[in-house]
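# Close look at the chain arrangement
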Amino acid sequence: MKIEKLKWREGVPARHQMSEAFCNNAFLALSGGFQDAYTYNTRDGVFSNAQTGNVVLMSQHLMSGEWADALRYLLPLFAFALGVFWAERIQYRYKYAAKLHWRQGILLAEIAILFVVGFIPVEWNMLATFLVSLACAMQVQAFRKVNGYAYASTMCIGNLRSGTEALSKYARNKKPENLKKAMYYFGVIFFFAVGAGIGGNLSLRFGIRMIWICCVLLAVSFAEMFVERI
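In this report, the structure presented in the accompanying data block is examined.

## A look at unusual backbone geometry
- The phi dihedral of aspartate 44 is positive, around 65°, even though this residue is not glycine.
- Mapped onto the elements, aspartate 44 comes out in the loop between α1 (22–42) and α2 (51–63).
- Classification of aspartate 44 as partly exposed rests on a relative accessible area of 40%.
- Even without a glycine there, the phi angle at lysine 174 is positive, about 60°.
- When you line up the elements, lysine 174 lands in the loop between α6 (157–173) and α7 (176–206).

## Some points on the packing of α1 against α7
- For the pair α1 and α7, the least separation of the axes is 6 Å and the interaxial angle reads 40°. As summarised for this structure, α1 and α7 are arranged oblique, according to the angle between their axes. As for the relative orientation of α1 and α7, their crossing is right-handed in sense.
- In terms of residue class, the contact of α1 with α7 is built from 16 nonpolar, nine polar and one charged.

## A closer look at the packing of helix α3 (residues 67–94) against helix α5 (residues 125–142)
- Where α3 meets α5, the axes come as close as 7 Å, and the angle between the chain directions of the two elements is 35°. Viewed along their axes, α3 and α5 form a crossing whose handedness is right-handed.
- Class assignment of the residues belonging to the contact of α3 with α5 gives a composition of 17 nonpolar, five polar and two charged.

## A word on the packing of aromatic side chains
- Following the criterion strictly, the structure yields eleven aromatic pairs and no others.
- Taking the centre distance of 5.8 Å and the plane angle of 50° together, the rings of tyrosine 149 and tyrosine 184 count as tilted. Placement of the pair is tyrosine 149 in strand β2 (residues 149–150) and tyrosine 184 in helix α7, with a sequence separation of 35 residues.
- Given the relative accessible area of 13%, tyrosine 149 is considered buried.
- Considering the side-chain rings of tyrosine 149 and tyrosine 185, the 6.4 Å spacing of their centres and the 40° angle between planes classify their relative orientation as tilted. Here tyrosine 149 is found in strand β2, whereas its partner tyrosine 185 is found in helix α7, with 36 residues between them in sequence.

## A short note on the pattern of salt bridges
- Applying the stated criterion across every chain, the model contains two salt bridges.
- With its nearest N and O atoms 3.4 Å apart, the salt bridge here joins arginine 161 to glutamate 165. You can see arginine 161 and its partner glutamate 165 sitting in helix α6, four residues apart, about one turn around the helix.

## Some words on the state of the cysteines
- The final tally for this structure, using the stated rule, is zero disulfides.
- Of all cysteine sulfurs, the one in cysteine 214 lies closest to cysteine 136, which takes part in no disulfide; the gap is 8.1 Å.
- Cysteine 214 carries a free sulfur, and the closest cysteine sulfur to it, the one in cysteine 215, is 7.0 Å from it.

## Points about the layout of surface pockets
- For the second largest pocket, the calculated volume is near 160 Å³.
- Lining the second largest pocket are Asp36, Asn49, Ala50, Gln51, Thr52, Phe80, Thr154, Met155, Cys156, Ile157 and Phe192.
- Here the lining of the second largest pocket is composed, by residue class, of six nonpolar, four polar and one charged.

## A few points about the environment of isoleucine 106
- Mapping isoleucine 106 onto the fold places it in helix α4 (residues 102–117).
- The spacing of isoleucine 106 and isoleucine 90 is 16 residues in sequence and 7.9 Å in space, taken between C-alpha atoms.
- Here isoleucine 106 is in contact with Ala87, Ile90, Met138, Gln139 and Ala142, once residues within four sequence places are set aside.

## Focus: the side chain of serine 203
- Tracing the backbone shows serine 203 in helix α7.
- You can call serine 203 buried: its relative accessible area is 2%.
- There is a polar contact of 2.6 Å between the side chain of serine 203 and the backbone oxygen of glycine 199.
- Not counting chain neighbours up to four residues away, the residues in contact with serine 203 comprise Phe34, Tyr38, Thr42 and Met210.

Calculation criteria
Residue numbers run consecutively from 1 along every chain, following the written order of its sequence. Residue-level local features of this predicted model are given only where pLDDT is at least 70; pairs of side-chain atoms are given and counted only at 80 or more, and the full residue set underlies all totals for whole chains, interfaces and linings. With hydrogens and water set aside, each side-chain value is computed from the structure's full complement of heavy atoms. The way it works is that DSSP assigns letters per residue, a run of H or I at least four long becomes a helix, a run of E at least two long becomes a strand, and they are numbered from the N terminus. Whether a residue is buried, partly exposed or exposed follows from its accessible area with a 1.4 Å probe, protein chains only, as a fraction of its type maximum: under 20%, in between, or over 50%, in that order. Lines are fitted to the C-alpha atoms to define the axes, a helix being fitted only along its stretch in contact, and any angle between axes, read from their N-to-C directions, falls within 0 to 180 degrees. Each angle gets one of four labels, with under 35 degrees taken as roughly parallel, over 145 as roughly antiparallel, 65 to 115 as roughly perpendicular, and the rest as oblique. Here a crossing is called left-handed whenever its near helix is offset anticlockwise from the far helix by less than a right angle, and right-handed whenever the offset is clockwise. In the scheme used here, Gly and all other residues not listed as nonpolar or charged are polar, with Ala, Val, Leu, Ile, Met, Phe, Trp, Tyr, Cys and Pro taken as nonpolar and Asp, Glu, Lys and Arg as charged. For Phe, Tyr and Trp, rings pair up if their centres lie within 6.5 Å, where Trp contributes its six-membered ring, and each pair is then called stacked (planes under 30 degrees apart), edge-to-face (over 60) or tilted (otherwise). Salt bridges are defined by distance alone: a side-chain nitrogen of Lys or Arg within 4 Å of a carboxyl oxygen of Asp or Glu. A pair of cysteine sulfur atoms is labelled a disulfide when the two atoms are within 2.5 Å. The pocket and cavity definitions rest on a 1 Å grid over protein atoms only: a 1.4 Å probe that fits but cannot leave marks a cavity, an open set with protein on both sides within 12 Å along at least five of seven lines marks a pocket, and residues lining either have an atom within 4 Å of a point. Grid points are joined across faces, edges and corners, and a volume is the space filled by probe spheres set on the points. The contact criterion used is simple: two residues touch if any of their non-hydrogen atoms lie within 4.5 Å. In protein, a polar contact requires one atom able to donate a hydrogen and another able to accept it; more generally it is a pair of N or O atoms within 3.5 Å, and residues adjacent in sequence count only if both atoms are side-chain atoms.

Written out as structure tokens, the structure reads:
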């Protein structure tokens, strides 16, 4: 699989990685939303992706002298930073691996982590949220483009800003490229929201093992990446 897309030459269109295809990133966004709703609803109200929310809640508890509660939100922050660091190291070491794309290696690690999380009892919620945040960070570091546009599959604020900016430009200059760009961003937000809705409801109803649905979604993304897209 090519590591970088090739430029147009001699009438041949650019070749893109499947990791940037919208259909692939839709499954990643579904999983991202699912994970956030899962940890919030079944793991003591802690976010796995929305680290801004964790910072707000951590600071609130710290200033109230509630040290144990503050720790619940501090650990996911540390895990998220560690996940980004780990994913970057994997990319550096295996970027030109021939047998398996390094992003597929990230997905396999994420699937393994989330599978283990499904066995962790609620008495060990801090460990569970630590691991889910670690997996989320690896995903957001590894998958940063959809059809060439920078985006995030595990959060919405940056996508909302970029999508709205592109829509504003389209309203002004009527360039189809800007409308296309906006639709990509809003599409990712839509799938994230769908994943969050499904994840929240299933987690509340059936409990901690529902995280395994994310393993299935990520496995689909992993399989899709064996297809080289034009």
